[in-house]
Amino acid sequence: LTGHAGLFAGVNSVAISPDGRIVASGSDDKTIRLWDVETGDAIATLFGHTNFVQSVAFSLDGTILASGSDDKTIKLWDLKTYQEICSLSGHSRAVKSVTFNPIPPNPPCVGGREENSLTGNEIPPNPPCVGGREENFLTSAIEQGILASG
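A brief structural summary. Because the structure is predicted, anything quoted here is derived from the model rather than measured.

## Observations regarding the environment of cysteine 86
Okay, so step 1: By the secondary structure assignment, cysteine 86 is in strand 8 (residues 83-88).
Okay, so step 2: Distance in space between the C-alpha atoms of cysteine 86 and lysine 75 is 5.8 Å, their sequence separation being eleven residues.
Okay, so step 3: When neighbours within four sequence positions are excluded, cysteine 86 is seen to be in contact with Ile74, Lys75 and Leu76.

The following block contains the structure:
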């Protein structure tokens, strides 16, 4: 699979869709590329981050892709339209990792970095999406059925 281009074309993250048909890659070229596993063909390129894309993750049903970037945002992408659903800001540093809750039916995504932007006490019962990382947050997040990674 080739396609990320430019001086900064390193691939930082790769994820495979739950059905095994799509590979997503996040790159230093500030894009996310989607690939057909069977043919190796490029399906789409997602533009929107303004710095290196560090992490990508598929939702359990494979309809949403989350991405984390050095631009300090988490973006959610609709994989039917290949459009950005929302951009979540508030991190004071780069978002190095994103993942989805492996326990349905309310799969929030979580992003993390070595910062104190969100504590466990600030997490609502069923958040659509949260970000940040500190030791108390990680412990509390797991207790509430949220998987944190960072």
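## Re the pairing of strand 4 (residues 42-47)
Okay, so step 1: Pairing of strand 3 (residues 31-36) with strand 4, which is carried by five bridges, proceeds in the antiparallel orientation. Bridge pairing in strand 4 links threonine 31 to phenylalanine 47.
Okay, so step 2: Hairpin connection between strand 3 and strand 4: a loop of five residues separates the two successive antiparallel strands, and glycine 40 in this loop has a positive phi of roughly 80°.

## Notes on the sheet that holds strand 4
Okay, so step 1: The sheet built from four strands is open, its strands ordered 1-2-3-4 with antiparallel pairing. One side of each edge strand has no neighbouring strand; the edge strands of this open sheet are strand 1 (11-16) and strand 4. Mean inter-strand twist for the sheet, computed between neighbouring axes without regard to direction, equals 20°.

## Some remarks on the nonpolar core
Okay, so step 1: Counting twelve residues, the largest nonpolar core consists of Ala15, Ala24, Ile32, Leu34, Ala44, Leu46, Val53, Val56, Phe58, Leu65, Trp77 and Leu79.
Okay, so step 2: Those elements giving two or more residues to this core turn out to be strand 3, strand 4 and strand 5 (53-58).
Okay, so step 3: It is strand 5 that contributes the most residues to this core, three residues altogether.
Okay, so step 4: Ignoring anything within four residues of it in the chain, the contact list for leucine 34 reads Ile22, Val23, Ala24, Asp41, Ala42, Ile43, Ala44, Leu46, Leu65, Leu79 and Tyr82.
Okay, so step 5: Membership of the second largest hydrophobic core comes to seven residues, among which are Ala57, Ile74, Leu76 and Phe100.

What counts and what doesn't
Residues numbered from 1 in each chain as written. Predicted model: local features only at pLDDT ≥ 70, side-chain atom pairs only at ≥ 80, totals over all residues. Heavy atoms only, no water. Helix = DSSP H or I, 4+ residues; strand = E, 2+ residues; numbered from the N terminus. Contact = heavy atoms within 4.5 Å. Pairing = 2+ DSSP bridges. Axes fitted to C-alpha atoms, helices over the stretch in contact; angles between N-to-C directions. Core = buried A, V, L, I, M, F, W, Y, C linked by side-chain atoms within 4.5 Å. Buried < 20%, exposed > 50% of the residue type's maximum accessible area, 1.4 Å probe, protein only.

By themselves, these figures tell us nothing about what the structure is for.
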